Amino acid sequence: MAALSDFTYDPKTFCVTPAMKEAFRTNGYVLLRQVLSPAEMSKVRQVLESEEVQRHVYTTADDERKETRMVLWFRVGEDVPGCVASMNKIAGTLEELMGGEEVYHFSTKILMKEPNQSSSFLWHQDYGYFYNWGYMFPDAASVFIAVDDCTKENGCLEVLRGSHRMGRIEHAPAGKQLQADLERVEEAKKRHEHLYVEMKAGDALFFPATLLHRSLPNASLHRRWSYVIAYNQRHNRTLMGPEHPRYTPHAGYVPLKKVSDSALLECTKFSMEGQWFLKEDEDKARE
């Protein structure tokens, strides 16, 4: 792992330091280890594994048509997932890393790589998708939380360090995904260090929407689930309305009320009743 991008969360002393801000600016990511405790992760898994959530699964597929299951939703409720998305140590940390402007929730998704049967996630920038949702600026970022340990064997995230500074790269459909222009990717590999981001459950990777990243299939005997929360800065709104032919239904700007870092452990609402889950035939961003 590159110097200055790997930090450990301490609930007694944590704050976003100048070193973290510099790592985010120059390397394009900050890895914050142990940001969610085992007790917090147990609550998260209880919701993600529930029938209530799992009935909304659909699939994404790579250029070889190998599939990975996923669930994606838009609203921030007063439930366990809502607490994760709203806590200061998640949303507040990202807001500071991005420069301090208010951030709002864009989407949360579960990516479920099962043992020996999942797909790759092809080289892409998250803004490749957000651009197709009509967002005018790349002023967005994601928080990738490891639900299970992420290793090279089970398809951990790979990044090209510093590639976020290249700006938006053209993307094209590949399977049920978008893939960044491979000519640009190959050139980026010559200029930017290729890193495997191995993580333990409860670790979180914060990265801007222009960072090039991918993950390979899970070749292990154990599942590798991840939990990815995407945010926009307040000024970044979509140009698309429901009348647009490529409009994908989503919430748009809704102010995010941040909650304390104790909120997840205190939360007793596991049901996501009334949540707005995306249906596969509505997901136009990958076309």
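Residues numbered from 1 in each chain as written. Predicted model: local features only at pLDDT ≥ 70, side-chain atom pairs only at ≥ 80, totals over all residues. Heavy atoms only, no water.

On to unusual backbone geometry, then. Positive phi, close to 60°, is recorded for Q34, a residue that is not glycine. Among the secondary structure elements, Q34 is positioned in the loop between strand 2 (30–33) and helix 2 (38–48). Residue N116 is not a glycine yet carries a positive backbone phi of 55°. Of note, N116 is situated in the loop between strand 5 (103–113) and strand 6 (121–124). (Helix = DSSP H or I, 4+ residues; strand = E, 2+ residues; numbered from the N terminus.)

We now examine the packing of aromatic side chains. The full count for this structure, using the stated rule, is 10 aromatic pairs. Geometrically, the ring pair formed by Y104 and Y253 is edge-to-face, given 5.0 Å between the ring centres and 85° between the ring planes. In this pair, Y104 is assigned in strand 5 and Y253 in the loop between strand 14 (224–233) and helix 8 (263–266), connecting sequence segments 149 residues apart. Assessed through its relative accessible area of 23%, Y253 is described here as partly exposed. (Phe/Tyr/Trp six-rings, centres within 6.5 Å; stacked < 30°, edge-to-face > 60°. Buried < 20%, exposed > 50% of the residue type's maximum accessible area, 1.4 Å probe, protein only.)

If you check which residues of helix 1 (residues 18–26) are buried, you get M20, A23 and F24. The buried residues of helix 1 all sit within an arc of 95° when viewed along its axis, so they share a single face. For helix 1, exposure combined with an orientation more than 90 degrees from the buried face picks out P18 and R25. (Arc of directions from axis to C-beta.)

Turning our eyes to something else, we now look at the sheet that holds strand 3 (residues 58–61). Strand pairing in a sheet relies on backbone hydrogen bonds. The paired strands run either parallel or antiparallel. Spatially, the 8 strands line up as an open sheet ordered 1-2-12-7-14-5-4-3, and their pairing is mixed. Only two strands of the sheet have a single partner each, and these edge strands are strand 1 (6–8) and strand 3. On average, each strand axis in the sheet is inclined to that of its neighbour by 25°, with strand direction left out of account. Pairing geometry for strand 4 (residues 67–73) and strand 5, over 5 bridges, is antiparallel. Bridge assignment links V71 to a residue of strand 5, and that residue is I110. Packed on one face of the sheet, helix 5 (residues 88–97) meets strand 2, strand 5, strand 7 (140–146), strand 12 (204–208) and strand 14 and runs near 35° to strand 12. (Pairing = 2+ DSSP bridges. Axes fitted to C-alpha atoms, helices over the stretch in contact; angles between N-to-C directions. Contact = heavy atoms within 4.5 Å.)

Attention shifts here to the sheet that holds strand 8 (residues 157–160). Pairing within the open sheet is antiparallel, and its 4 strands lie in the order 6-13-8-11. On the outer flanks of this sheet lie strand 6 and strand 11 (194–197), each paired with one strand and no other. Across the sheet, the mean angle separating the axes of adjacent strands is 20° when strand polarity is ignored. Across 3 bridges, strand 8 lies against strand 13 (residues 213–215) in antiparallel orientation.

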